[in-house]
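Understanding the architecture of this molecule
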Amino acid sequence: TSTRLSLRRCATPPHCCLARMTCFKALQGPSWHRTIARQPKPSSRCSACWIPRVRPAIRAGGTAVGVTIEGTETVFGTDIGAVISARQNVSSGGVASGATVKFAAQFVYAGGTATGTVVSSAGHMVVSSGGLAIGGTMLSSGQTFISAAGTASGLTISTSVADCVSSGGTTIGTIIRSGGLEGVNGGATALGATVSFGGIEIVIGYASAATVSSGGT
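For clarity, every value in this text was computed on a predicted model and none was experimentally measured.

Topic: the overall build of the chain
- Check the secondary structure of the chain and you find two helices and 29 strands.
- Taking all 217 residues of the chain together, 39% fall into the buried category.
- Here the contacts in the chain between residues at least 6 apart in sequence split such that 14% fall between residues at least 24 apart.
- Surface accessibility of the chain: about 9800 Å² in total, with carbon and sulfur atoms responsible for 58%.

Next comes the structure, spelled out in structure tokens:
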């Protein structure tokens, strides 16, 4: 794991410095202890102390579990259960499983895979060319964008969520619930969608084997 360090003031007691440092030490190992020793000693008064901000990269073969990121995380290895409040980049060979994205964005690039992502509260998931998203859940004003040659399988869309499939993009087995909208643009493909009561699928491109329940559109 590698980091780039900067300093910022701790804003509120719930984000206390000591708790953050404990979390980061567990993530970074001995090298983090050596780095943190050169930083100002934290004060017991949260509003008066400095804490480090990290920009981690999970390298190929590496695994991170249950990490909370307030910055940009790049995944080449495996990341399980991350809570993202800024940005997560899932790069070639990387796997992000069970990430939670709120007021943030997850980008799945060529060769990257995101499984079970939960996007809510104005969060975004962007599946770029060659990227793959499997089994994500989009809630409460979250949005997904499937770019050309990107693929999303088994997404569940509901509660004021928009799923936009660009030309060349593909969605498979999307479940569109009440309040959800899937837009399939010209040149895009939607296969096996299920549109429940209150859900809407708009198709300009190609759709096949869709199931539209009573009250769905």
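Next comes the rest of the account.
Some points on the environment of T100
- Along the chain, the position of T100 falls in strand β11 (residues 100-102).
- Note: C-alpha distance between T100 and S85 (15 residues apart in sequence) is 8.6 Å.
- The contact partners of T100, leaving out residues within four places of it in the chain, are A82, V83, I84 and V118.

Here we look at the packing of aromatic side chains
- Per the stated rule, a full pass over the model turns up one aromatic pair.
- When the ring of F107 is compared with that of Y109, the centres are 6.2 Å apart and the planes differ by 10°; the resulting orientation is stacked.
- Taking NZ or CZ as reference, R87 lies 3.9 Å from the ring centre of F107, over its face.

So, the confidence of the model for the chain
- Averaged over every residue, the pLDDT of the chain is 77; residues scoring 70 or more account for 74%.
- Mean pLDDT across the secondary structure elements of the chain bottoms out at helix α2 (residues 30-36), with 34, and peaks at strand β13 (residues 113-115), with 97.
- Here residues 1-54 scores under 50 on pLDDT; set against residues more than four positions off or in separate chains, the count is 77 contacts.

Concerning the nonpolar core
- Ranked by size, the top nonpolar core spans 23 residues in total, and within it I84, M125 and M138 carry the most contacts.
- Listed by contribution, the elements that provide at least two residues to this core are β15 (124-127) and β21 (161-165).
- In contact with M138, other than residues within four places in its own chain, are T117, V119, M125, T144, L155, T156, I157, S158 and V161.

Quick notes on a nonpolar patch on the surface
- Together, L181, I200, I202 and I204 make up a nonpolar patch on the protein surface, roughly 340 Å² of accessible area in all.
- The residue I200 is located in strand β27 (residues 200-203) in this model.

Let's talk about the pairing of strand β6 (residues 72-75)
- In terms of strand pairing, strand β3 (residues 57-58) meets β6 through two bridges, oriented parallel. When the sheet's bridge partners are listed, A57 is paired in β6 with T74.
- Pairing of β6 with strand β9 (residues 87-90), which is carried by four bridges, proceeds in the parallel orientation. Bridge pairing in β9 links T74 to N89.

A short note on the sheet that holds strand β28 (residues 206-208)
- Overall, parallel pairing links the nine strands, which are arranged β4-β7-β10-β13-β16-β19-β22-β25-β28 in an open sheet. Looking at strand neighbours, the two that pair on one side only are β4 (63-65) and β28, the edges of this open sheet. Each strand axis lies, on average, 10° off the axis of its neighbour in the sheet, ignoring direction.
- Taken together, the three bridges between strand β10 (residues 95-97) and β13 define a ladder with parallel strand orientation. Note that in β13 the partner of V95 across the bridge is T113.

Describing the sheet that holds strand β29 (residues 211-212)
- Spatial ordering of the open sheet is given by β5-β8-β11-β14-β17-β20-β23-β26-β29, a layout of nine strands whose pairing is parallel. Of all strands in the sheet, those bounded by a partner on one side alone are β5 (68-69) and β29.
- Two elements, strand β23 (residues 175-176) and strand β26 (residues 194-195), share two bridges in a ladder whose sense is parallel. Residue pairing across strands places I175 opposite T194, the latter belonging to β26.

As for the pairing of strand β24 (residues 180-184)
- Residues G180, E182 and V184 line the buried face of β24, whereas the alternating positions L181 and G183 sit on a face that is not buried.
- In the sheet, β21 pairs with β24 via five bridges, with the strands oriented parallel. Looking at β24, one finds that D163 is bridged to E182.
- Of the pairings in the sheet, the one linking β24 to β27 comprises four bridges and is parallel in character. In the sheet register, G183 faces β27, and the bridge partner there is I202.

Cut-off values and rules
- Residues numbered from 1 in each chain as written.
- Predicted model: local features only at pLDDT ≥ 70, side-chain atom pairs only at ≥ 80, totals over all residues.
- Heavy atoms only, no water.
- Helix = DSSP H or I, 4+ residues; strand = E, 2+ residues; numbered from the N terminus.
- Buried < 20%, exposed > 50% of the residue type's maximum accessible area, 1.4 Å probe, protein only.
- Contact = heavy atoms within 4.5 Å.
- Areas by Shrake-Rupley, 256 points an atom, 1.4 Å probe, with all protein chains shown as cover.
- Phe/Tyr/Trp six-rings, centres within 6.5 Å; stacked < 30°, edge-to-face > 60°.
- Lys NZ or Arg CZ within 6 Å of the ring centre and 35° of its normal.
- pLDDT = per-residue confidence, 0-100.
- Core = buried A, V, L, I, M, F, W, Y, C linked by side-chain atoms within 4.5 Å.
- Patch = residues over 30% accessible without salt bridge, like charges linked within 9 Å, V, L, I, M, F, W, Y side chains within 5 Å.
- Salt bridge = Lys/Arg side-chain N within 4 Å of Asp/Glu carboxyl O.
- Pairing = 2+ DSSP bridges.
- Axes fitted to C-alpha atoms, helices over the stretch in contact; angles between N-to-C directions.

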